[in-house]
Amino acid sequence: MAELDDVIAAVTNSPAITAKRSIGLVSEVLGPSGWVEGPGDDGAALDVHGSTVIACGEALWPPFVRADPFGAGVAAVLTNVNDVAAMGGLPLGIVDTVVADEPTARTALEGMRYASQLYDVPIIGGHLTICDATPSISAFAVGSADALLSTTHVRPGQDLVVAACTEGSMRADFPFFPSFDERGQDLADDIRLLAEIAGKDLAVAAKDISMAGLVGSLAMLLEWGTFGADIALGDLPAPRDVPLARWCTCFPCYGFLLTCEPGQTGSCVHAFTSRGLSAARVGSIDATGVITLSADGLALPAFDLTAKQVTGLSRRED
């Protein structure tokens, strides 16, 4: 009971989830989108002469860049690689832009080089401005996909799977759970596993668990159709030494939400566990519009999409 209350309180008071609502400005200015071709999902899926190209981008939080330029450089690659993977794509390259003083820029680029080698994704270009202004980093990725994982494929009745690397330790100064030392070079193939799962139809939709945390990211996955879901906290893959309230509101180095047709769920889970990753069916998708968390026979609502949106992005009715 206490643990469930803690998780609900952490989700309700999460500034990272609240911050996602500002994304609605994009639709206010650009108008509704088709979602798949962007903006809307983790990346935009574009048809290029019969092939699917994934494009995405990320701007790093300036205070984070200032405080930890190496970590920000790593995150610039990590976030984009995860976004490509969540669309069922294979990452092909990273382009970055850096505006900073020379020492900060150098350290940030060293972080990008480290992550580029770790994930086996080349940095193929970008832009560098050396100045004394507030440092900023943005990065962009391009990938390819043979089969698409998309939020638009989510339907009631599908199973919800959570897959994550639960080896690592939480940063003390930032809600990030890195697994770089623990997984090492395995992370490169871990990321590419999503494309294999998509190609075998083991899952139909996915979203990486990012700054909005597990529940906030799930709300973003379900927002497109105002769907709901139940999560059994007892089934959730989680590190043993991290409070569940913190785990549900952090950004894991490797963490994904997937929806599967029930007949494929076991195979989807096995694809992760066979690599030594943690994965489990934690609930199912429904039409309520409410994300419910349950533990020890008690269920409480954590997010109600019928009452408020996460990003506020509007979609074009095709």
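One can find the structure itself at the top, above this paragraph.
Bear in mind the structure is a predicted one, so any value in this text is a computation, not a measurement.

**Q** Give me the lowdown on the packing of aromatic side chains, citing residues and values where you can.
**A** This structure, assessed with the given rule, holds seven aromatic pairs. Seen from their ring centres, Phe70 and Tyr114 are 5.9 Å apart, and the 40° between their planes marks the pair as tilted. With Phe70 in helix α5 (residues 69–86) and Tyr114 in helix α6 (residues 102–119), this pair connects stretches of sequence that are 44 residues apart. Owing to a relative accessible area of 29%, Tyr114 belongs among the partly exposed residues under this scheme. Here a set of aromatic residues connected by ring pairs shows up, and it is made of Phe70, Tyr114, Phe176, Phe180 and Phe251. Its end group placed over the ring of Phe303, Lys308 keeps NZ or CZ at 5.1 Å from the ring centre.

**Q** Provide a residue-level description of the sheet that holds strand β2 (residues 51–59), including the pertinent values.
**A** Read from one edge to the other, the open sheet built from five strands follows the order β1-β2-β5-β3-β4, with strand pairing classed as mixed. Each of the sheet's edge strands pairs with one partner strand only, and the pair in question is β1 (44–48) and β4 (123–130). Taking the axes of each pair of neighbouring strands and ignoring which way they run, one obtains an average angle of 15° across the sheet. Summarising the sheet, β1 and β2 pair through five bridges and their orientation is antiparallel. Paired with Leu46 across the strands is Val53, a residue of β2. Contacting β3 (90–100), β4 and β5 (136–145), α6 crosses the sheet at an angle of about 170° to β3.

**Q** With reference to specific residues and values, describe a nonpolar patch on the surface.
**A** Residues Leu25, Val26, Val29 and Leu30 make up a contiguous nonpolar surface patch of about 390 Å² in total accessible area. Relative to the helices and strands, Val29 is located in helix α3 (residues 24–30). Looking at Val29, the relative accessible area reads 63%, which means it is exposed.

**Q** Account for the pairing of strand β12 (residues 278–286), naming residues and giving values.
**A** Strand direction decides the pairing type here: strand β6 (residues 159–164) and β12, joined by six bridges, are antiparallel. Bridge pairing in β12 links Val161 to Arg281. Bridging between strand β9 (residues 228–232) and β12 involves two bridges; their strand directions are antiparallel. Its bridge partner lying in β12, Gly228 is registered against Asp286.

**Q** So what about the pattern of salt bridges? Which residues, and what values?
**A** Tallying each qualifying case throughout the model produces seven salt bridges. Linking Asp68 and Arg171 is a salt bridge whose minimum nitrogen-to-oxygen distance equals 2.8 Å. Placement of the pair is Asp68 in the loop between α4 (62–67) and α5 and Arg171 in the loop between β6 and β7 (176–177), with a sequence separation of 103 residues. Across the pair Asp159 and Arg281 runs a salt bridge whose closest N-O atoms are separated by 2.9 Å. Remark: Arg281 occurs in strand β12 and Asp159 occurs in strand β6; sequence separation between them is 122 residues. Linked through salt bridges whose partners overlap, the residues forming this network are Asp68, Arg171 and Asp173.

Cut-offs used in this document
- Residues numbered from 1 in each chain as written.
- Predicted model: local features only at pLDDT ≥ 70, side-chain atom pairs only at ≥ 80, totals over all residues.
- Heavy atoms only, no water.
- Phe/Tyr/Trp six-rings, centres within 6.5 Å; stacked < 30°, edge-to-face > 60°.
- Helix = DSSP H or I, 4+ residues; strand = E, 2+ residues; numbered from the N terminus.
- Buried < 20%, exposed > 50% of the residue type's maximum accessible area, 1.4 Å probe, protein only.
- Lys NZ or Arg CZ within 6 Å of the ring centre and 35° of its normal.
- Pairing = 2+ DSSP bridges.
- Axes fitted to C-alpha atoms, helices over the stretch in contact; angles between N-to-C directions.
- Contact = heavy atoms within 4.5 Å.
- Patch = residues over 30% accessible without salt bridge, like charges linked within 9 Å, V, L, I, M, F, W, Y side chains within 5 Å.
- Areas by Shrake-Rupley, 256 points an atom, 1.4 Å probe, with all protein chains shown as cover.
- Salt bridge = Lys/Arg side-chain N within 4 Å of Asp/Glu carboxyl O.

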